[in-house]
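Analysis of the macromolecular model
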Amino acid sequence: MSMRRARNAPFALMLVLGLGAANAADAPRFGQPIGPADLAAWDISIGPDGAGLPPGGGTPAQGAEVYAKYACALCHGDKGAGGPSGPLVGGGPLSGGDRPPAKLIGNYWPYATTVFDFTRRAMPWQQPKTLTDDEVYAVTAYILALNKIIGENDVMNAQTLPKVKMPNRDGFVSKYPEKY
Amino acid sequence: MNKRNKQGTQSLPLEPVAGNGLLDRRALLGRGIVFAGAMSSGVGTALTGAAAEPLEVGPWSLGPGVPVPPYGQPSKFEQKVVRTLTNPKLEPRGSAARTPHHLLNGTITPNGLHFVIARGGQTEIDPDKHRLVIHGLVKQPMVYTLDALHRYPMVSRISFVECGGNSAPVYSKEPIQADVQALHGLCSCAEWTGVKLSTLLEETGVDPKAKWFIAEGADLPTMNRSIPLAKAMDDAMIALYQNGERINPSNGYPMRLLLPGYEGNMNVKWLRRIKLVEAPVMAINETKQYTILRPDGKAWQFFFPQEVKSFITHPSPGLNMKAPGYYEISGLAYSGNGPIGKVEVSADGGKSWAPAALQAPVLSKAFTRFRMPWNWDGGPATLQSRATDEAGNVQPTRAAFLAERGEPKATPPVIAFTMEHFNAIASWGVDGKGEVRHVYA
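Residues numbered from 1 in each chain as written. Chains lettered and ligands numbered in written order. Predicted model: local features only at pLDDT ≥ 70, side-chain atom pairs only at ≥ 80, totals over all residues.

**Remarks on the overall build of chain A**
A count of helices and strands for chain A gives 7 helices and 4 strands. Ordering the α and β elements of chain A from the N terminus gives α-α-β-α-β-α-α-α-α-β-β. Of the contacts formed within chain A by residues at least 6 apart in sequence, a portion of 56% connects residues at least 24 apart. (Helix = DSSP H or I, 4+ residues; strand = E, 2+ residues; numbered from the N terminus. Contact = placed C-beta atoms within 7 Å.)

What follows is the structure in structure tokens.
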């Protein structure tokens, strides 16, 4: 609304009377429109159905090279066996036992897409967002293969990754199913 | 038995209203305090005490002080009142900073003492270069500068924020001996000011297919969470100010998402992006983290509101009592489902309860300070508080909580997270010497 309009008493009165209040067209507008191409660098969301996965791909063998190149073992141990930041492999049954179960990728995570997503946005911790998409696919494949969830020669890409059935895929229930 | 004092108001006979010396909360209303029958028994002597030393004129009265600083800091005598840090050298893992509730009073957490969980340290953002984008299932994706956000109608509200893992150490096989800061320090309360998210969504328009939105930070892990769109239309806020000043860097400067009452992790700090979507994105923090493994091996997901809870801050472990007599039991109560309705206190481990006074104002989804007068007779006592919110949700006993979640299998380090959304009643045991310890009762 321009200053000129604001001084227009009848027009302002119409707004006050509600002709504008419920109309989005009259809401304050100080945002700048942006198109998909200009927000692409930030639009990194990946759905469990694979929506948002980028082109590219990688194998477990290529992922082992990525794991070595970025010294992932410093935090996660040799072959993901565990270090200061916890293991990427293993994980026992989620019930029974006399110790609290560890919630790891192989025994707990419901979606393989989350492995790709978190690695791409947050790893390596000292230089996040520096891996190429091929490198993220490859190291994701490496971790899934270490957990025996995929085969040694399986290629992970936008088509195959969402189809990976994680062992605990059906292990979650909504706390308030009537709401969410 | 009631006596009239010189002002003509009525003094209350402070007979116990529940076991182990709990007194009527009306004693806190500023009327005279008279222990019924106490003068003959000697129990009330702590009210008057021994004669004071002669007064001296302090050196601070004999000359000027120091220049008033541009930004005031707490007294140099209060240097112990700080957050405790789990990762002070910023090793490659998350960091937690806990609020020292046992050293504070009232309901507002000072900005420098607000709790923090950060995966990538305190993110330092240039506000002029920061942007907030809203896109996805909207009619027109929009980008906002900080200056642009300041032109929208603003709202303020006082709201607590609590980490989903707060109080996790109380879920342990043995009671961990630690203070309130270590046990319950991952919750805080502040006045937040900013723009309602619904105001911005009016501008972008919403595609009817949208049911959720993803909120994402600009920090190292670009932390992201999926949130029901209904919360955006209800009370979600793009918060720009914390207790009157710009949000502290450790709590999300220059902007954070505030979802009153919802799990702290969803209140995304350093907010940069909101994307409207049809279904949850299944981020790491809504699958691996912030899900609760049940005894049967299934896990609860989407456990959003922080349930009704209270804990006693005074006395509490480490704040020992010196001599029998009058004390004020005080603590904090809150519920992610609305205002607190009542808080009851027990001094005999839950055998008998009496209602505590609630400090006004009692606000929805905010800390409420409760106070309870207590005449400690010098014997063993077990202090508990039990909150009920206006919706009727009652803080569970430890036994009821464990019946639902399972018996704890270990006593891990105090900074471990072996349970989420722990809201059971905690107990402080007072022994005959006045030492206060964390106990299970």
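**A short note on the overall build of chain B**
If you tally the helices and strands in chain B, you get 6 helices and 29 strands. Rg of the C-alpha trace for chain B: 24 Å, near the compact-globule value of 22 Å for 441 residues, within the 12% margin. Dimensions of chain B, computed from the C-alpha atoms along their principal axes, are close to 75 × 65 × 45 Å. Counting over 441 residues, chain B shows a buried share of 48%. Contacts in chain B between residues at least 24 apart in sequence constitute 70% of all its contacts with a sequence separation of at least 6. (Rg over C-alpha atoms; globule rule 2.2 N^0.38 Å. Buried ≥ 20, exposed ≤ 12 C-beta atoms within 10 Å, placed from the backbone.)

**Concerning the sheet that holds strand E13 (residues 212-217) of chain B**
One open sheet accounts for 6 strands, arranged E1(A)-E10(B)-E9(B)-E18(B)-E13(B)-E14(B); its pairing is mixed. The strands lining the two open edges of the sheet, one partner per strand, are strand E1 (32-33) of chain A together with strand E14 (224-228) of chain B. In the sheet, E13(B) pairs with strand E18 (residues 271-277) of chain B via 6 bridges, with the strands oriented antiparallel. Considered in E18(B), the bridge of Glu216(B) is made with Arg273(B). (Pairing = 2+ DSSP bridges.)

**A short note on the pairing of E18(B)**
On a regular strand, each side chain points to the face opposite its neighbour's, so the side chains alternate between the two faces of the sheet. Residue and element names in this part refer to chain B. Here E18 lies mainly inside the structure; 6 of its 7 residues are buried. Here strand E9 (residues 132-136) runs beside E18; their pairing, made up of 4 bridges, is parallel. Among the inter-strand pairings, His-135 is bridged to a residue of E18, identified as Lys-275.

**Focus on the domain arrangement of chain B**
Residues and elements named next belong to chain B. Annotation of chain B at the domain level lists domain 1 (3-46) and domain 2 (309-439). The partner domain 2 presents 23 residues to the 15 residues of domain 1 that form the contact. For the side of domain 1 that touches domain 2, the secondary-structure elements that each account for two or more residues are strand E3 (16-18) and strand E4 (22-23). Taken together, the residues of the side of domain 1 that touches domain 2 sort by class into 10 nonpolar, 4 polar and 1 charged. (Domains from an automatic or database assignment. Nonpolar A, V, L, I, M, F, W, Y, C, P; charged D, E, K, R; others polar.)

**Details of the interface of chain B and chain A**
Between chain B and chain A, the contact holds 46 residues from the first and 44 residues from the second. Taken together, the residues of the side of chain B that touches chain A sort by class into 25 nonpolar, 9 polar and 12 charged. Inspection of the sheet shows E1(A) paired to strand E10 (residues 142-144) of chain B by 2 bridges, in the antiparallel sense. Residue pairing across strands places Pro33(A) opposite Met142(B), the latter belonging to E10(B).

**A word on the pairing of strand E23 (residues 340-346) of chain B**
All names here are of chain B. Most of E23 sits out of view: 5 of its 7 residues are buried. Bridge count for E23 against strand E27 (residues 381-389) is 6 bridges, and the pairing is antiparallel. What sits directly across from Val-345, in E27, is Ser-385. Bridge count for E23 against strand E24 (residues 354-355) is 2 bridges, and the pairing is antiparallel.

**Considerations on the packing of helix H6 (residues 112-122) of chain A against helix H7 (residues 133-146) of chain A**
Residue and element names in this part refer to chain A. The geometry of H6 relative to H7 is characterised by a closest axis approach of 9 Å and an angle of 130° between their N-to-C directions. If you check the angle between H6 and H7, you find them oblique. When the axes of H6 and H7 are compared, the crossing they make is right-handed. Touching Ala-112, Val-115, Phe-116, Thr-119 and Arg-120 of H6 are Val-136, Tyr-137, Val-139, Thr-140, Ile-143 and Leu-144, all from H7. Residue composition of the contact of H6 with H7, by class: 8 nonpolar, 2 polar and 1 charged. (Axes fitted to C-alpha atoms, helices over the stretch in contact; angles between N-to-C directions. Parallel < 35°, antiparallel > 145°, perpendicular 65-115°, else oblique. Left-handed = near helix turned anticlockwise from the far one by under 90°.)

**Structural notes on the confidence of the model for chain B**
Residues and elements named next belong to chain B. Of all residues in chain B, 92% attain a pLDDT of 70 or more, and the chain-wide mean is 93. Note on residues 1-9: pLDDT under 50 across the span, and 11 contacts to partners over four residues away in sequence or across chains. Note on residues 36-46: pLDDT under 50 across the span, and 17 contacts to partners over four residues away in sequence or across chains. Confidence metrics for the complex model read pTM 0.91 and ipTM 0.90. (pLDDT = per-residue confidence, 0-100.)

**Describing the environment of Phe118(A)**
Residues and elements named next belong to chain A. Along the chain, Phe-118 turns up in helix H6. Note on Phe-118: 24 C-beta atoms within 10 Å, which makes it buried. The sequence separation of Phe-118 and Ile-46 amounts to 72 residues, and the corresponding C-alpha distance is 9.8 Å.

**Looking at unusual backbone geometry**
Working note: non-glycine residues mostly have negative phi, and peptide bonds are mostly trans. The step from Met123(A) to Pro124(A) runs through a cis peptide bond, and the omega angle for that step is -10°. Counting through the fold element by element, Pro124(A) comes out in the loop between H6 and H7. A positive phi is found at Thr222(B), a non-glycine position, where the angle reads about 35°. Along the chain, the position of Thr222(B) falls in the loop between E13 and E14. Positive phi, close to 60°, is recorded for Tyr290(B), a residue that is not glycine.

**Considerations on the nonpolar core**
Core analysis: the biggest nonpolar cluster contains 137 residues, and Phe213(B) and Ile238(B) have the highest contact counts within it. Broken down by element, this core gets its largest block of residues, 10 residues, from H7(A). When near neighbours in sequence (up to four residues on either side) are disregarded, Phe213(B) contacts Ile227(B), Leu229(B), Ala232(B), Ile274(B), Lys275(B), Leu276(B) and Val277(B). (Core = buried A, V, L, I, M, F, W, Y, C linked by C-beta atoms within 7 Å.)

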